[in-house]
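Here are the chains, one letter per residue:
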2 protein chains.
Amino acid sequence: MLSRNVFQCKPLVNRFTDWTLIHRHLAIWSSNSGGGHVLNGVAGQRHVFVGHTRSVANFYSTFKTRHKTSDDYNDSRQSDDNREFAKRFALKWGPVLAAIVGTTVATVAAKEEVNVEEFEEFGREIDGLKSYTAEEVAKHNDMSRRVWVSFRSGVYDITDFVAQHPGGDKILMASGGALEPFWTLFAVHKTREVFTIMEKYRIGNLDSKDRNAIKAGTDSTPDPYANDPIRHPILKARSQKPFNAEPPEELLVQKFITPKELFFVRNHLPVPEIDIENYTLEIEGFGLKAPKTLTLDEIKTKFPKHTVVSTIQCGGNRRAEMNKIKEVKGLSWGSAAISNAKWSGARLVDVLKYCDLDFDDKNIKHVQFDGLDFDVSSNPYGASVEALKALNPNADFLIAYEMNDEDIPADHGYPLRLIAPGVVGARNVKWLARIVLSDEESHSHWQRNDYKSFSPNIDWHNVDFNSAPAIQELPIQSAICEPREGQTVALDANRTIQLSGYAWSGGGRKVIRVDVTADEGVNWVTAELEQEDSPLNRTYSWTLWKANIPAPKEWKSGHKVELICRAADSHYNLQPENVRHLWNLRGVVNNSWHRVNVTIK
Amino acid sequence: MLSRNVFQCKPLVNRFTDWTLIHRHLAIWSSNSGGGHVLNGVAGQRHVFVGHTRSVANFYSTFKTRHKTSDDYNDSRQSDDNREFAKRFALKWGPVLAAIVGTTVATVAAKEEVNVEEFEEFGREIDGLKSYTAEEVAKHNDMSRRVWVSFRSGVYDITDFVAQHPGGDKILMASGGALEPFWTLFAVHKTREVFTIMEKYRIGNLDSKDRNAIKAGTDSTPDPYANDPIRHPILKARSQKPFNAEPPEELLVQKFITPKELFFVRNHLPVPEIDIENYTLEIEGFGLKAPKTLTLDEIKTKFPKHTVVSTIQCGGNRRAEMNKIKEVKGLSWGSAAISNAKWSGARLVDVLKYCDLDFDDKNIKHVQFDGLDFDVSSNPYGASVEALKALNPNADFLIAYEMNDEDIPADHGYPLRLIAPGVVGARNVKWLARIVLSDEESHSHWQRNDYKSFSPNIDWHNVDFNSAPAIQELPIQSAICEPREGQTVALDANRTIQLSGYAWSGGGRKVIRVDVTADEGVNWVTAELEQEDSPLNRTYSWTLWKANIPAPKEWKSGHKVELICRAADSHYNLQPENVRHLWNLRGVVNNSWHRVNVTIK
């Protein structure tokens, strides 16, 4: 089921499925079944679906029939299926600690993002170490059998490292196999630090025949990011693969509606290529008599077109400030991982009504959304939101097909994107392919083991991701976009400094006030706001603001000033003051007072 | 219409209407009309309805018929009626600057709450000043004719004072008349500061005959608070009339459900006496074919009984901390103007469905609630909430008739109280008598000119109450209840300090974490939480918490420590740090880090 979408994005699948060929070379796969190929691994219960001909519906029905009768189908069981299947499926890839290679580290701060070839000193054959075949490595694919991985000519037992990093199915994703395919996908993690950690766990050499087979596979595997769209050079990239970038702050606040070229990009995986002719949206789970499949044309024509101006902010916006306190894991975002667009599409509740959803089905507690972007295990990017919010008759959730009155650009979810207004960007699932009415949250790594915040007293040695809820509605936020950090600023004719920026709060809460200060809050100046004429609790668009701070006499040329802004929302939430008290190991939800240090000209 | 409820609470009305007798003595009233007595003032358009016999329904229909035909009745117009009527009605009382005497100052910090007789030096006859009759004073009842009031033998022109305090119809409530009746109601305002301000505006002496008539009225007027219920002596009163009190913090957190005796009391006016036999709830406004009247029995029997554990917090909780920064207006609450109870009753949406409300009527933007507690102008205490929230099918708003499985106590709203879960106490209207589906907010003083917060740069000289929204859902809050400020604390056997307290957030947001620190956030300890097993965004009950902070070696006997707590809610809102940045002229929504200073034993 997880790989259903494989059939919809052939070029991407081709890139990934080359890796199954590598494993075939390694002779650890065999057999097939049905219209799709089910490969049963010799060394474990390895299953992978590959194939390009079967329809999605056929695939689904085959899969379900094989595992259960249709009348006992429900999302809970299906999720169990997912888990079991994912577990078995993951084994295909053999493993690597995701904390080293995979999605857990998909956002590790990339101080050195380089070609893996640059670290030739790692993974070399070491004289005197025992030699293992790929088949032997593959037997060590879970904690009970110890977790081995290979990299180049090295074999590593990373069991003890895994044990130190509890939480997250993904952590075992690469167990029993070669690291190279993961690093192809998550280029961002190829850092000297990671390699150095790896070498501590070295136990042997990989058999040279297997090493050569893997290398041949690696060399012949196309870059999964090769078909990512071309981006505007104005964007400041925080990582290339996957692509993540923010616009210059000073341009961001020039327009109330962010132009598509400037809209920040947050991709977790390669941008999928879409077979638009065969694109469908699947809807399934509790409260439905049967799963539904809607075409893009149906989404566009069967429902009233609804428009919401909604700001999207990454949970990691302003992470760079946290890194100054103590390094955190994640892309080092400045303050522009946020943008505002006009989104149009069908209302989620309208679509679900059309599907005859029983909104009163008490089993429906979460609505899960899957995209068409896949990780190396063919797990799609996924997220979920509470049904209480998404299915509320007044909810403004959209299945959007337009951004700023045009088709949504490839980087932002073409052809369909979930717009979950007021909710963190990570739940605004792009390239939307599947909606599941469920009794539980998405099992996606990004839902359960990422995008959560903790107290500053929690670090990687004592974190329990189950102890915190997934970030959903974001707290009140604001930032000064002009002047910028480090600028030399001229006073205007009235001896004031002009500031401008944005403010926004999640959950539909409107910004009611922005205050600025140049003396750490001894005196505050209230800003002028540019905002929508929208209800206090149904405002999803940001507020732009301008303020002038009068310069005291003692501000001579060369005087250094810290400018601060903070905002309040309609629930009278105010931003907290100091980033150090918000510090968390993932560097998320930094909504501390925004501070910009400038010098008076 | 405003005085409709007059007919329902006879003893209270008797106490107030004695004041109309005073005015009769002053010969400025005449005539009556209909079943109720409409007194047309000689000196202005004075109208007051008094009477004890007519039914509410009759009264309504008479009033409406007189003013408009029933088919053009709608809430917007009715509100216009209210305003016009209130304006004319208010004139009856003649005036005093509410900022001196009335509801605007109903919450002025009462450092010296004493009998008015204690300030005999004020309001004395002053030789050489011109003498005015009450009739002459009464002519000066609006800004265009200047605003005069009398107090004892003094006549005052407070026009310039009014001009400095824009905002609020109530400010002119006492214009053209004697102050004494207002001070009877708002005893809390009889302070030396108020009298001193008054005397600056002295312009003359009141004619001795009129002075004696007013004094006779004052002396013979029963205390409107005489029938307030007896309270448990454990409550710490912040004002007696109206009664406002909080429990000791250390008792507050002993029980998850606050016993009724300990539940904090926030009254704006005298507790009304209820004629339970004739008690009805009126429902009117947009979306209804006709106004509806429901009896208490109907409310209790026609609808499923729904229970919500909901914390109620006063908007002014923890105001005392703001006073330490700079004095604010309002009762000097500690940190226990918050309590948690189990409320049962009919769901508001169920009741409105029963009334055949058209929930889709686009005119319905606010739902207004009036209580049976009246000010001297016979305006009921009133509040409103956004329809978006109150009429949401998932809304947990209750028309409650039970608190902790018993009839609601008199101080907490017997027989019916609106429970607006997650919303500031001021909107949880007690002694509920009337619900209006409206296109605008309640015109109540407490909705429009109170319970709002501003930046610290706003004070009484530059405040515009229209510039801020009414406080509704409250932000994340927490407090340390044990140990208490100033205590000497013994370390336990493990050399830790034990802390306990509460945490809560508005809008149904669940508390997800409480952190405590004894070193201003260098080290945090995460507390253990006691809370309901309820959804992240539908939790209305508070969380109780306990934490142990380990004592560093340098904590010897006599060492002084500042203990701090702060909480996070499900939207990852965190409390801001310093109260000085939250300071606002009304001292509301103080949710800064709670700090308790103790000495190590």
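Residues numbered from 1 in each chain as written. Chains lettered and ligands numbered in written order. Predicted model: local features only at pLDDT ≥ 70, side-chain atom pairs only at ≥ 80, totals over all residues. Heavy atoms only, no water.

Identification of chain A as sulfite oxidase from Medioppia subpectinata is taken from an unreviewed UniProt entry. Annotation of chain A in UniProt includes, under Subunit (unreviewed entry), the sentence "Homodimer." For the record of chain A, the UniProt heading Subcellular location (unreviewed entry) holds the text "Mitochondrion intermembrane space". (UniProt positions renumbered as here; feature names shortened; annotations may be inferred.)

(A) Up close: the overall build of chain A. When helices and strands are tallied, chain A shows 14 helices and 30 strands. The buried share among the 601 residues of chain A stands at 64%. Here the analysis covers contacts within chain A between residues at least 6 apart in sequence; of these, 75% occur between residues at least 24 apart. Only carbon and sulfur atoms are counted for the fraction: they give 49% of the accessible area of chain A, which is about 21500 Å². (Helix = DSSP H or I, 4+ residues; strand = E, 2+ residues; numbered from the N terminus. Buried < 20%, exposed > 50% of the residue type's maximum accessible area, 1.4 Å probe, protein only. Contact = heavy atoms within 4.5 Å. Areas by Shrake-Rupley, 256 points an atom, 1.4 Å probe, with all protein chains shown as cover.)

(B) Quick look at the relation of the copies chain B and chain A. It takes a turn of 180 degrees to lay chain B on chain A, together with a shift of 0.0 Å along the axis; the resulting RMSD is 0.1 Å. Seen this way, the second copy is the image of the first under a two-fold rotation axis. Taking C-alpha positions as reference, the residue of chain B nearest the rotation axis is Pro576 of chain B, located at 2.0 Å. Comparing interface residues between copies, 100% of those in chain B also lie at the interface in chain A; the contact surface is shared. (Least-squares fit on C-alpha atoms with pLDDT ≥ 70 in both.)

(C) Structural view of the side chain of Ser500 of chain A. All names here are of chain A. You can see Ser500 is positioned in strand S24 (residues 496–504). According to the relative accessible area criterion, Ser500 is buried, its value standing at 8%. Those residues in contact with Ser500, other than ones at most four positions away along the chain, are Val253, Ala479, Ile480, Cys481, Glu482, Trp545 and Lys546.

(D) Seen up close, the pattern of salt bridges. Under the counting rule described, the total for this entry stands at 54 salt bridges over all chains. Measuring nitrogen to oxygen at the nearest pair gives 3.4 Å for the salt bridge that ties Glu250 of chain B to Arg484 of chain B. Of this pair, Glu250 of chain B sits in helix H9 (residues 249–252) while Arg484 of chain B is found in the loop between strand S23 (477–482) and strand S24 (488–489), placing the two residues 234 residues apart along the sequence. Ionic contacts of the salt-bridge type, sharing partners, join the residues Arg146, Asp157 and Asp160 of chain A into one network. (Salt bridge = Lys/Arg side-chain N within 4 Å of Asp/Glu carboxyl O.)

(E) Quick look at the interface of chain B and chain A. With 45 residues of chain B in contact, the opposing surface of chain A contributes 45 residues. For the pair chain B and chain A, the two sides together bury roughly 3700 Å², of which 49% comes from carbon and sulfur. A per-residue breakdown of the area chain B buries against chain A is headed by His571, Tyr572 and His581 of chain B, which together make up 20% of the total. Linking chain B to chain A there are 0 salt bridges. Across the chain B-chain A interface, the total number found is 22 residue pairs in polar contact (both at pLDDT 80 or more). Tallying contributions element by element places strand S26 (residues 511–517) of chain B first for the side of chain B that touches chain A, with 3 residues. (Buried area = accessible area lost by both parts, 1.4 Å probe. Polar contact = N/O pair within 3.5 Å; in protein donor to acceptor, adjacent residues only side chain to side chain.)

(F) Representation of the sheet that holds strand S17 (residues 380–386) of chain A in the model. Residues and elements named next belong to chain A. The mixed open sheet is built from 5 strands, whose spatial order is S13-S12-S21-S16-S17. Each having just a single partner strand, strand S13 (292–295) and S17 make up the two edges of the open sheet. Along the sheet, successive strands turn relative to each other by an average axial angle of 20 degrees, direction set aside. When strand S16 (residues 366–374) meets S17, the two strands line up antiparallel, connected through 6 bridges. Bridge assignment links Phe374 to a residue of S17, and that residue is Pro380. (Pairing = 2+ DSSP bridges. Axes fitted to C-alpha atoms, helices over the stretch in contact; angles between N-to-C directions.)

(G) Representation of the sheet that holds strand S7 (residues 146–151) of chain B in the model. Reading across from one edge, S5-S9-S8-S7-S6 (chain B) is the order of the 5 strands in this open sheet, with mixed pairing throughout. A single partner strand is all that each edge strand has here, and the edge strands are strand S5 (130–132) and strand S6 (141–142) of chain B.

(H) Quick look at the packing of aromatic side chains. Inspection of the entire model under this criterion finds 20 aromatic pairs over all chains. Taken together, a centroid distance of 4.7 Å and an interplanar angle of 70 degrees make the contact between Tyr132 of chain A and Trp148 of chain A edge-to-face. Note that Tyr132 of chain A is positioned in strand S5 (residues 130–132) and Trp148 of chain A in strand S6 (residues 148–151), a separation of 16 residues in sequence. Comparing Tyr132 of chain A with Trp148 of chain A shows no difference in burial state: the two are buried. Considering the side-chain rings of Tyr381 of chain B and Trp446 of chain B, the 4.7 Å spacing of their centres and the 40 degrees angle between planes classify their relative orientation as tilted. Linking Tyr381 of chain B in strand S18 (residues 380–386) with Trp446 of chain B in helix H14 (residues 445–448), this pair joins segments that are 65 residues apart in sequence. Note on accessibility: Tyr381 of chain B and Trp446 of chain B belong to one class, buried. Among the aromatic residues, those joined into a ring-pair cluster are Phe263, Phe264, Trp333 and Trp343 of chain A. The ring centre of Trp460 of chain A lies 4.2 Å from the NZ or CZ of Lys329 of chain A, which sits over that ring. (Phe/Tyr/Trp six-rings, centres within 6.5 Å; stacked < 30°, edge-to-face > 60°. Lys NZ or Arg CZ within 6 Å of the ring centre and 35° of its normal.)

(I) Local environment of unusual backbone geometry. Pro242 of chain A follows Lys241 of chain A through a cis peptide bond whose omega is -5 degrees. Structurally, Pro242 of chain A is set in the loop between strand S9 (236–239) and strand S10 (244–246). A cis amide bond links Tyr414 of chain A with the next residue in sequence, Pro415 of chain A, at an omega value of 5 degrees. With phi around 70 degrees, Arg318 of chain B is a residue other than glycine that occupies positive phi space. When you line up the elements, Arg318 of chain B lands in the loop between strand S15 (306–313) and helix H11 (319–325). In this structure, Asn404 of chain B takes a positive phi of about 55 degrees despite not being glycine. With relative accessibility at 19%, the residue Asn404 of chain B sits in the buried group.

(J) Layout of the side chain of Ser344 of chain A. Residue and element names in this part refer to chain A. Mapping Ser344 onto the fold places it in strand S15 (residues 338–347). In terms of polar contacts, Ser344 uses its side chain to reach the side chain of Thr307, at 2.8 Å. Each residue touching Ser344, except ones within four places of it in the same chain, is listed here: Lys305, His306, Thr307, Leu398, Ala400, Tyr401 and Glu402.

(K) Representation of the environment of Phe397 of chain A within the structure. Residues and elements named next belong to chain A. On the secondary structure map, Phe397 appears in the loop between helix H13 (387–390) and strand S18 (398–403). You can call Phe397 buried: its relative accessible area is 3%. For the pair Phe397 and Asp350, spaced 47 residues apart in sequence, the C-alpha separation works out to 9.9 Å. In this view, Phe397 contacts Ala346, Arg347, Leu348, Val385, Lys389, Ala390, Leu418, Ile419, Ala420, Pro421 and Val423; residues no more than four positions away in its chain are not counted.

(L) Helix H8 (residues 208–220) of chain A, seen in detail. Residues and elements named next belong to chain A. Between its first and last C-alpha, H8 extends 18 Å over 13 residues, near the 18 Å set by a 1.5 Å rise per residue. When we look at burial in H8, the residues that qualify are Asp210, Arg211, Ala213, Ile214 and Gly217. Angular distribution of buried residues about the axis of H8 spans 165 degrees; they occupy a single face of the element. More than 90 degrees from the buried face of H8, the exposed residues found are Lys209, Asp219 and Ser220. (Expected span 1.5 Å × (residues − 1). Arc of directions from axis to C-beta.)

(M) Broad picture of the environment of Asn379 of chain A. All names here are of chain A. Relative to the assigned elements, Asn379 resides in the loop between S16 and S17. Relative accessible area serves as the criterion here: at 12%, Asn379 is assigned to the buried category. When the C-alpha atoms of Asn379 and Ser444 are compared, they prove to be 8.2 Å apart, with 65 residues separating the residues in sequence.

(N) A look at the pairing of strand S22 (residues 477–482) of chain A. All names here are of chain A. The element S22 is largely enclosed, with a buried count of 5 among its 6 residues. As paired elements, S22 and S24 share 5 bridges and run antiparallel to each other. Looking at the pairing, Ile480 lines up with Gly501 of S24.

(O) How the structure looks around the confidence of the model for chain A. Per-chain confidence: chain A averages 81 in pLDDT, with 77% of residues scoring 70 or above. pLDDT under 50 marks residues 1–114 of chain A. Its contacts with residues more than four places away, or in other chains, come to 314 contacts. (pLDDT = per-residue confidence, 0-100.)

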